[in-house]
Amino acid sequence: MEFVNQFRDAEIVKKLRKRLDEFHFTEEVKIMEVCGTHTMQIHRFGIHQMLPENVKLISGPGCPVCVTPNSYIDFAIELAKKGVMITTFGDMIRVPGSRSSLERARAEGANVRVVYSPMDALELAGKGEEEVVFLAIGFETTAPTIAATVKKAKDEGIKNFSVLSGGKLVPPALVALSQDPELKISGFLLPGHVSVIIGKKAYLFLKDYRKPGVISGFEPVDILHSIIALLEMIEREEPDIINNYKRAVRDQGNLVAQRVMEEVFEPADSEWRGIGEIPASGLVLSEPYRDMEAMNRFSVEIPPPEEHPGCRCGDVLKGVLNPPECPLFGKVCTPENPIGPCMVSSEGSCSAWYKYG
Ligand code: SF4
């Protein structure tokens, strides 16, 4: 606790706020926080209110369940209805698909289990004959654990375990966002957890797009300090990548995690809710493990995906709309009755605005 308190020290926060007040931008500066945990912490600590004039923080596509398209959820629901055991992290169960959710499918009798790790799902498969599918969504943070589980299943010859690949890679999304002329992003507050795995080196390409980036921790002192570092680079017009979370992130990242991820997965084009298809931004199983892909193992017929007509999650995920600007926010759509995925997860922007906004 002592350690955490240093990063919440009121005196340090006061000094950082003073430094923020010294910036004067005549044009709008837009900083995108890419990570859902940052979004939550920024709201929780009231950081929007501390920013200088003309500086805006916008949320990006950093919540894994939020960027997962309806077609993926529809496929999982259909599998569950067919009698396959679906195992998933907790948030995913409440995310509405086109016509239902896994939670509703479970209430109607489908075998849907919430697990804390993919290894729990493998254990369930090892205990019986039933087909068990793990919903493999998430970013580079969760991919190594899922990869290690797939490898273990193969090594141990567990034949009734498979994964529904839906993992996503952050750097290709940053390329897409940097190239989007509508967004006009001035710089990125880079994710802490993902960076533990991929390291600072994975973001150096951002300099080619003249976008500065700062890898940040999650406490108020971390976030304010990182915003100041970004604003200094924007002011000087000298974009660079700074690792401001050295207590957890190494420049090269976690090489062991990267190795297992590269062995089991390979990049593929992937659809992101709100952004569309991004080249080489998804993770699918590599050739030696492809027989463990649920999409190949099971054939299900699903109608074309549909979006809820009023939900503006796509625009929220791209940072072009603040959640309260969605007409359903807080009226029809609440954390108890989420219409879109951005209201489900605690890392979702709509949920963070609802709770702290
Ligand atoms: S408030 Fe609800 S309906 Fe509106 S964008 Fe967010 S999740 Fe979608």
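Cut-offs and rules
Residues numbered from 1 in each chain as written. Predicted model: local features only at pLDDT ≥ 70, side-chain atom pairs only at ≥ 80, totals over all residues. Near = placed C-beta within 6 Å. Nonpolar A, V, L, I, M, F, W, Y, C, P; charged D, E, K, R; others polar. Domains from an automatic or database assignment. Contact = placed C-beta atoms within 7 Å. Helix = DSSP H or I, 4+ residues; strand = E, 2+ residues; numbered from the N terminus. Buried ≥ 20, exposed ≤ 12 C-beta atoms within 10 Å, placed from the backbone. Pairing = 2+ DSSP bridges. Right-handed = clockwise from strand over helix to strand, strands pointing away. Axes fitted to C-alpha atoms, helices over the stretch in contact; angles between N-to-C directions. Core = buried A, V, L, I, M, F, W, Y, C linked by C-beta atoms within 7 Å. Parallel < 35°, antiparallel > 145°, perpendicular 65-115°, else oblique. Left-handed = near helix turned anticlockwise from the far one by under 90°.

Close contacts around the ligand come from 15 residues, with C311, C326, C333, G340 and C350 the closest. By residue class, the composition of the shell around the ligand is 12 nonpolar, two polar and one charged.

So, on to the domain arrangement of the chain. Splitting the chain by domain gives domain 1 (2–64 + 171–243) and domain 2 (67–169 + 253–297). The distance between the C-alpha centroids of domain 1 and domain 2 comes to 30 Å. Taken residue by residue, the interface counts 14 residues in domain 1 and 21 residues in domain 2. Mapped by element, the contributors of at least two residues to the side of domain 1 that touches domain 2 are helix 10 (170–179) and helix 11 (192–198). Top contributing element to the side of domain 1 that touches domain 2 by residue count: helix 11, with five residues.

Turning our attention to the environment of A10. Position of A10 relative to the elements: it lies in helix 2 (residues 10–21). For the pair A10 and V221, spaced 211 residues apart in sequence, the C-alpha separation works out to 9.0 Å.

Take the pairing of strand 2 (residues 55–59) next. The side-chain alternation of strand 2 yields one buried face, formed by V55, L57 and S59, and one unburied face, formed by K56 and I58. Relative to strand 2, strand 1 (residues 29–33) runs parallel, the two being bridged by five bridges. The residue of strand 2 that forms the bridge with K30 is K56. A crossover connection joins strand 1 to the parallel strand 2 through helix 3 (residues 36–44); in handedness this β-α-β unit is right-handed.

Pairing between the strands of a sheet is mediated by backbone hydrogen bonds and can be parallel or antiparallel. In spatial order, the strands read 4-3-5-6-11-10; together these six strands make up an open sheet with mixed pairing. Single-partner strands in this sheet number two, and they are strand 4 (112–114) and strand 10 (265–272). Across the sheet, the mean angle separating the axes of adjacent strands is 25 degrees when strand polarity is ignored. Relative to strand 11 (residues 276–285), strand 10 runs antiparallel, the two sharing seven bridges. Pairing of E271 across the sheet is with E277, part of strand 11.

Mapping K201 onto the fold places it in the loop between helix 11 and strand 8 (213–215). Residue K201 is classed as partly exposed on the basis of its C-beta count, with 13 C-beta atoms lying within 10 Å. Sequence-wise, K201 and R250 are 49 residues apart; in three dimensions their C-alpha atoms are separated by 9.1 Å. Apart from the residues within four sequence positions on either side, K201 is in contact with D251 and Q252.

Okay, the nonpolar core next. By size, the foremost hydrophobic cluster in this structure holds 103 residues, and its most contacted members are A76, A80 and I86. The element that contributes the greatest number of residues to this core is helix 12 (residues 220–236), accounting for eight residues. In terms of domain composition, this core takes at least three residues from each of domain 1 (2–64 + 171–243) and domain 2 (67–169 + 253–297).

What follows covers the packing of helix 2 against helix 12. Put simply, helix 2 and helix 12 touch, their axes get as near as 10 Å, and they point 20 degrees apart. By the criterion of interaxial angle, the relationship of helix 2 to helix 12 is roughly parallel. Where helix 2 crosses over helix 12, the handedness of that crossing is left-handed. Counting all contacts with helix 2, which are made through I12, V13, L16, R19 and L20, the residues of helix 12 involved are P220, V221, L224, H225 and I228. Considered class by class, the residues forming the contact of helix 2 with helix 12 number eight nonpolar, one polar and one charged.

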